[in-house]
Amino acid sequence: MKIRWYAIGFVVFLIAVFMAGMGTIYGQTPTKAPAGKFPPVMKVGAILELTGNWAWAGKWKSQAVHMGIEDLNASGEFPWKFELVVVDHASGDAKKAAAGMRQLVDIHHVPYTITGFETVTLAAREIGEPTKVVIVNPGGVAPVLLNKPFLHNTRPMGPQMAVPMAEFLIEKYGAKKMAITYMAEEFGTGVRDATFYYAPKWGVEIVGNASHEPYITDFRSVLARVKAGKPDILGIWSIGNDVGYIVKQAKEMGMNIPMGTILGINPVMIEIAGEKNLKGLYDCSQYFNPKSENPFIQEFVKKYTAKYKEVPEQLAANYYEAVIILRESIKYVLSKGGNPFDGGQLEQAIQAIKIFPSLYGKGQMEMKPDGSIVKPVGITQYQGGTAKDVVLIKAVTPPPSQVYPKYR
Amino acid sequence: MERIGEPLVALLAQLAVNGIIWGALYALLGLSWNIIYCTTGIFHFAHALIFVAAGYAAVSVTMNAGLPLVLGFITAIFAAVVLGWVMERGIYRPLRVLGASQTVIFAASLGTLIFGEALAHIIFKPLPRRLSGFPIETINIGEINFTTLRLATLVISYVVILAVWQYLKRTKSGKAIRAVGSNPEMAEALGINRDRIFLFVFALGSGLGALAGVLYTLDSAAHPQMGMPLIFPAFIVTFVGGVGSIPGVVAAGLLLGLAENISIAWLDTDYMVMISFAILLAVIILRPRGLFASGGS
């Protein structure tokens, strides 16, 4: 067979491209800048839910992160510009998240990435850790996210909110029998485990517990199962849309017992359940107070409202904080004469700084060595109106991240 | 998994009622798709868009414009019929004329669905939209309860299915539809206009789908991804019951609804999808033509 010279040349070309690609993937080194000189642009990654069932939440997160980056650029603090690169994980697709993270690392060379959802965050971290990219997660709350190098969670974990919620309901209503529904994912099983661990200490019997797949719309049979135990209170360890459907259908089924959830009351729940059904629902989560007198919080609220024509809520606040953490870490690295384009140095900065400005409570949050956060949470109750009209019943200090001895 | 103690009987009865109601809706969904597939042979995946279009049409008319729910229903059915026509006339017929294979037609259908869902996402945004206007009260019979809406869903679904069944069985046009479904070439030779029949069944199937879509939206909410969770039961019910068999669709819907819901007494909802497809696989293997297979409707 006659071998054409151009065929050989093409094969050599392919091999060269392949080798270059391999070098890019595996041989990446952080951008090194000569002393005192930095690249003109630092790219920052964000892996968010821009499509799919949770795109409504992704919109708030995206708005906050964009605003944060714009604020960084406007401040002129640093001798380079920031550019935000957002990739879509389509509401929890871990494969898309991994592909997106790959793109952020290989093409955009980001030293810092903001994520959400535990599956997405874990997928991104698998790529982030070996390539020394800091991952900040202001969204996911599953205990499995703890104790992971290069991963920092800026939201209390699910059990840290569920425990105070359950304790509040038990004490207020003198409950002896409790039922729970929970998402059949790491977040939900973590909260379930915490509930079962604490139940004997609380003196309550768990008379019904049922998991559910996320994104279903009919919970009647699940609720029938927990209702069979005739509980005094119901813990809804689910998220967003699911909570709306559960509350609505529970009320339709005559379950007029006190109910509590975690992670916040949001417009989607109100839309799905209707104000009348949702009225009285308790929630324990980060309590973002847009009417806070703290000037730092006021400034954030004013800017966000002016820019997006809506008052920010906790997700927006969380994601803006992720940019604050970046800013403080960069300042720290620069003060030590280091290279903030190196994710490893940003990681060391976070571990050294520990206390960061916050949009919650008294304006500070503490990042713990296990990747958890110390932040205040509040027990609120929805009494009608919009999601921002929830009434704060009680501020609580959440338990430490290890609320029960063993994580799944 | 937690085994349930007493009162198990009351729980099972409640789950059975839930299953029967879902069974009725599954049957209506199945019929809406079955009639198109049986007559045209097209695996009309994009039928899922009908549910989305109907849901949002009803929401737009009732919630946005503040008009009565009845107008919402009518608009939804009209919108779905138009969409069904457009898909047949604009996508499937040209492909048939070109001699496209079933695989190509299926790919076109899938592409249409993906395009349509993305468009719905852009136009209507990802936030679910509630549809109200139906008086919802809870009916209690002993330990069992259900809402007036769920009862209406059951009744409407079965009444409509019965009406369509009788239409196909007793009327001239109904028989023409069955003839085209059985043997299109022979039907054409006898003077039946196949293209016109195809258009009509797309309209009929889309209208039925719209009805199911609005009933579903009333119970939950409209959102851009609502089509997919509804189209899969439609497929399963069609193939389990038997292509072209309306009693089969009713029986299969009931079987699916009961199996999914009663299983929750012992299993978590993770297993529901497995159960649905296990039923499908079992029927395909043991009785490939379906439980009530027939040559026509």
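Note on numbering: residues in each chain are counted from 1, in written sequence order. Lettering for chains starts from A, numbering for ligands starts from 1, and both go in the order in which the items are written. Residues qualify for local features only when their pLDDT is at least 70, as the model is predicted, and side-chain atom pairs are given and counted only at 80 or more; totals for whole chains, interfaces and linings, by contrast, use all residues. No hydrogens and no water enter the side-chain calculation; it runs on all heavy atoms of the structure.

(A) How the structure looks around the layout of surface pockets. Of the volumes computed, that of the largest pocket is approximately 1200 Å³. Around the largest pocket sit 41 residues that line it, and Pro214(A), Tyr215(A), Ile216(A), Met228(B) and Pro229(B) are the ones nearest its centre. A run of DSSP states H or I qualifies as a helix once it reaches four residues; a run of E qualifies as a strand once it reaches two. Both are numbered from the N-terminal end. Where the lining of the largest pocket is concerned, the elements lending two or more residues are α8 (241–252) of chain A together with α1 (8–40), α4 (102–124), α9 (227–241), α10 (246–262) and α11 (270–286) of chain B. Among the elements that line the lining of the largest pocket, the one with the most residues is α9(B), at 6 residues. Grid points spaced at 1 Å over the protein atoms alone were grouped into cavities, where a 1.4 Å probe fits but cannot get out, and pockets, open sets with protein on both sides within 12 Å along at least five of seven lines, with lining residues defined by an atom within 4 Å of a point. Grid points are joined across faces, edges and corners, and a volume is the space filled by probe spheres set on the points.

(B) The arrangement of the side chain of Glu347(A) in detail. Residue and element names in this part refer to chain A. Inspection of the secondary structure puts Glu347 in helix α13 (residues 343–353). A simple rule labels every residue: compare its accessible area, found with a 1.4 Å probe on the protein chains alone, to the largest value its type can have, and call it buried under 20%, exposed over 50%, or partly exposed in between. As used throughout, the charge tally considers Lys and Arg to be positive and Asp and Glu to be negative, leaving His and the chain termini uncounted. Counted as salt bridges are all cases of a side-chain nitrogen of Lys or Arg within 4 Å of a carboxyl oxygen of Asp or Glu. Look at Glu347: it is buried, it has no salt bridge, and the nearest opposite charge is Arg125 at 8.8 Å. As used in this structure description, the phrase polar contact means that two N or O atoms lie within 3.5 Å; if the pair is within protein, one of them must be able to donate a hydrogen and the other to accept it, and residues adjacent in sequence are counted only when both atoms belong to side chains. Looking at Glu347, its side chain comes within polar contact range of the side chain of His152, at 2.7 Å. If we skip the residues at most four places from it in the chain, Glu347 touches Val134, Phe150 and His152. Contacts are residue-level and defined by heavy atoms, with any inter-residue pair within 4.5 Å sufficient.

(C) Representation of the confidence of the model for chain A within the structure. Confidence scores labelled pLDDT are given residue by residue by the predictor and lie between 0 and 100. Taken over all residues, the pLDDT of chain A has a mean of 90, while the share at 70 or more is 93%. Within the model, pLDDT remains below 50 along residues 21–35 of chain A, and this stretch shows 17 contacts once partners closer than five positions in the same chain are excluded.

(D) Spotlight on the side chain of Arg225(A). In this fold, Arg225(A) is placed in helix α7 (residues 220–227). A polar side-chain atom of Arg225(A) sits 3.5 Å from a polar atom in the side chain of Asp268(B).

(E) Structural context of the interface of chain A and chain B. Opposite the 34 residues of chain A that make contact, chain B presents 35 residues. Accessible area, probed at 1.4 Å, shrinks when two parts are joined; the buried area is that loss added up over both. Together chain A and chain B conceal approximately 2800 Å² of surface at their shared face, both sides included; 48% is due to carbon and sulfur atoms. Where chain A packs against chain B, one counts 3 salt bridges. The shortest N-O distance in the salt bridge between Asp219(B) and Arg220(A) comes to 2.6 Å.

(F) Broad picture of helix α11 (residues 295–308) of chain A. Residue and element names in this part refer to chain A. Taking 1.5 Å per residue as the helical rise, α11 with its 14 residues ought to reach 20 Å, and the 20 Å between its terminal C-alpha atoms agrees with that figure. Buried within α11 we find Ile297, Phe300, Val301, Tyr304 and Tyr308. Along the long axis of α11, the arc covered by the buried residues comes to 95°, so they all point the same way. Facing away from the buried side of α11 by more than 90 degrees, the exposed set consists of Pro295 and Lys302. As for α11, its buried residues are in contact with α2 (55–75) and α12 (314–335). With a side-chain oxygen lying 2.8 Å from the backbone nitrogen of Phe296, the N-terminal cap of α11 falls on Asn294. Directly after α11, the chain includes Lys309, whose backbone phi takes a positive value near 60°. Helix span, as expected, comes to 1.5 Å for every residue beyond the first. Each C-beta atom gives one direction from the helix axis, and the arc is the one those directions make.

(G) Representation of the pattern of salt bridges in the model. For the coordinates displayed, the defined rule picks out 24 salt bridges over all chains. Between Glu49(A) and Lys61(A) there is a salt bridge, with its nearest N and O atoms 2.5 Å apart. Taken as a pair, Glu49(A) in the loop between β1 (41–48) and α2 and Lys61(A) in helix α2 lie far apart in primary sequence, 12 residues in all. Each member of the pair, Glu49(A) as well as Lys61(A), is classed as buried. Each member of the salt-bridge network shares a partner with another, and the members are Asp218(A), Arg220(A), Glu252(A), Arg150(B) and Asp219(B).

(H) The arrangement of the environment of Tyr404(A) in detail. Residue and element names in this part refer to chain A. On the secondary structure map, Tyr404 appears in the segment after β15 (391–396). Residue Tyr404 is classed as buried on the basis of its relative accessible area, which comes to 4%. Tyr404 sits 207 residues away from Tyr197 along the chain, and the two C-alpha atoms are 6.5 Å apart. Not counting the four nearest positions on each side in its chain, Tyr404 is found in contact with Pro143, Pro159, Gly190, Asp193, Ala194 and Tyr197.

(I) The arrangement of the sheet that holds strand β10 (residues 282–285) of chain A in detail. Residue and element names in this part refer to chain A. One open sheet accounts for 7 strands, arranged β7-β6-β8-β9-β10-β14-β15; its pairing is mixed. Each edge of the sheet is formed by a strand with only one pairing partner; in this case those strands are β7 (205–212) and β15. Here the strands of the sheet are splayed against their neighbours by 20° on average, with no regard to which way each runs. Only strands joined by at least two bridges in the DSSP assignment are considered to pair. With 5 bridges joining them, strand β6 (residues 177–183) and strand β8 (residues 233–237) adopt parallel strand pairing. Counted as the bridge partner of Met178 is Ile233 from β8. Interaxial angle, 0 to 180 degrees, is taken between N-to-C directions of lines fitted to C-alpha atoms, where a helix line uses only the stretch in contact.

(J) Representation of the nonpolar core within the structure. As used in this record, nonpolar core signifies buried Ala, Val, Leu, Ile, Met, Phe, Trp, Tyr and Cys residues forming a set joined through side-chain atoms within 4.5 Å. Phe82(A), Tyr112(A), Ile262(A) and Phe300(A) are the most contacted members of the largest nonpolar core, which has 136 residues in total. Among residues more than four places away in sequence, those in contact with Phe82(A) are Met42(A), Val44(A), Ile69(A), Leu72(A), Asn73(A), Leu326(A) and Ile330(A).

(K) Fine view of empty space enclosed by the protein. The full count for this structure, using the stated rule, is 5 cavities of 30 Å³ or more. Looking at the largest cavity, its volume works out to about 80 Å³. Around the largest cavity sit Ile21(B), Trp22(B), Leu25(B), Arg150(B), Thr153(B), Leu215(B), Tyr216(B) and Asp219(B), which together line it. At the level of elements, α1, α5 (148–170) and α8 (194–219) of chain B are the ones that each hand at least two residues to the lining of the largest cavity. Residue classes follow a fixed rule: Ala, Val, Leu, Ile, Met, Phe, Trp, Tyr, Cys and Pro count as nonpolar, while Asp, Glu, Lys and Arg count as charged, and any other residue, Gly among them, counts as polar. Residue composition of the lining of the largest cavity, grouped by class: 5 nonpolar, 1 polar and 2 charged. In terms of lining, the second largest cavity is formed by Arg220(A), Glu252(A), Met253(A), Gln14(B), Asn18(B), Asn145(B), Phe146(B), Thr147(B) and Arg150(B). Of all the elements in the fold, those that place two or more residues in the lining of the second largest cavity are α1 and β2 (144–147) of chain B. With 3 residues, β2(B) is the largest single contributor of residues to the lining of the second largest cavity. Of the residues in the lining of the second largest cavity, the class split is 2 nonpolar, 4 polar and 3 charged.

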